[in-house]
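Architecture and fold: a report
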Amino acid sequence: MQWASWSEFFSMGGFGFYIWGSYGITFFLLGAEVLMLLKRKHNLTKRAPRLKSHEGQLETSFQEMQ
Amino acid sequence: MSKQRINWYKYAAPANFYPLAGKMIPLFAIPAAILFVWGLYVGFFVAPPTDAQQHEYYRIIFIHVPAAWMGMFLYVLMALYAGVGWAFNARLGSMMAQAIAPTGAIFTFISLVTGSLWGRPAWGVWWVWDARLTSTLILMFLYIGFISLQSSIDDVRRADRAGAVLAVVGVINVPIIYFSVQWWNSLHQGATITAKSFKMAPEMRTAMLILVGACWLYSIAVVLVRVRHIIREREQEAPWLTESLAEI
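Here the structure is a predicted model, which means the values were calculated and not measured.

So, on to the interface of chain B and chain A. Across the boundary between the two partners, chain B contributes 40 residues, which contact 32 residues of chain A. Interface area, chain B with chain A, both sides summed: about 3,300 Å², of which 73% is carbon and sulfur. When the area that chain B buries against chain A is broken down by residue, the three leading residues are Phe44, Phe45 and His229 of chain B, summing to 19%. Along the contact surface separating chain B from chain A lie two salt bridges. The salt bridge partner of Arg226 of chain B is Glu33 of chain A, with a shortest N-O separation of 2.8 Å. Where chain B packs against chain A, one counts seven residue pairs in polar contact (both at pLDDT 80 or more). Taken together, the elements giving at least two residues each to the side of chain B that touches chain A come down to α1 (14-46), α2 (61-87), α3 (91-123) and α7 (202-234) of chain B. With eleven residues, the top contributor of residues to the side of chain B that touches chain A is α3 of chain B.

Quick look at the structure:
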């Protein structure tokens, strides 16, 4: 352990803003990427059952057009 | 050497690659998480508190350098896949390129932001129009251009071809970024790690290299997840997919 106290650790010799800002943004963005991928998977799975009645859907859309 | 040969062409077909990619995801995602924790531990608790020249903000290097490397590597990889997809009409290649682009853009953005947060205490400015910084900003625009060009064309084949042209032409920017600190006068410091030398304290080097590994594994895992989504979106009507969806 290199730090005398937690407050020393968080202040990072006065550069805490830059250091924690860097790591904060990095892990925020990587976390957001993972969450968006999970959401996309969720949306795909929700849509999946509809795929099976694809032909039926086409028929209704043709009817709507007419 | 095993005599049993793997038929690599088999996995060029999305129908065969889809389940393989699914099995590979945890093999990369779990070690990535472990390496992130380990790398941060070494970077913040093992590396000594103050470096004589750099002050504490040198700790940004542990994420800045891996992010910058990933931005460049992923661009080359994206251009390779896009080029293969274009030249050989291999649709999985184009799908891989499309899957890599957002992750590459995110890492390039991280390298720009962390660089800025380093530049402010080190140089006194958030941004300078210097060769290294400007060429990295162009890399970011190339990623954004690739993504928006592909999504703006409805015909998938034409979108892939247009994206591939942009990606392949843009590769010229990667050596420019890499050699910019040698070719032009720059505020940005030179390469910290070259084939011959490591100009860093050993603990710092360890922390940085662990995070390089973490970023690689993370990228592979995320790209595999995304390419599976793209396969599902593009091949919606393929019988193999509707059949296998019941299992997922």
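What follows is about the nonpolar core. With 77 residues, the main nonpolar core has Phe17, Ile61, Phe62, Tyr75, Met78 and Phe107 of chain B as its most contacted residues. Here this core gets 15 residues from one element, more than from any other, and that element is α7 of chain B.

Take unusual backbone geometry next. Keep in mind that most residues, glycine aside, have a negative phi and that most peptide bonds are trans. Residue and element names in this part refer to chain B. Its identity is not glycine, yet Asn89 carries a phi of approximately 55°, on the positive side. Tracing the chain through its elements places Asn89 in the loop between α2 and α3. Judged by its relative accessible area of 53%, Asn89 is exposed.

Cut-offs used in this document
Residues numbered from 1 in each chain as written. Chains lettered and ligands numbered in written order. Predicted model: local features only at pLDDT ≥ 70, side-chain atom pairs only at ≥ 80, totals over all residues. Heavy atoms only, no water. Contact = heavy atoms within 4.5 Å. Buried area = accessible area lost by both parts, 1.4 Å probe. Salt bridge = Lys/Arg side-chain N within 4 Å of Asp/Glu carboxyl O. Polar contact = N/O pair within 3.5 Å; in protein donor to acceptor, adjacent residues only side chain to side chain. Helix = DSSP H or I, 4+ residues; strand = E, 2+ residues; numbered from the N terminus. Core = buried A, V, L, I, M, F, W, Y, C linked by side-chain atoms within 4.5 Å. Buried < 20%, exposed > 50% of the residue type's maximum accessible area, 1.4 Å probe, protein only.

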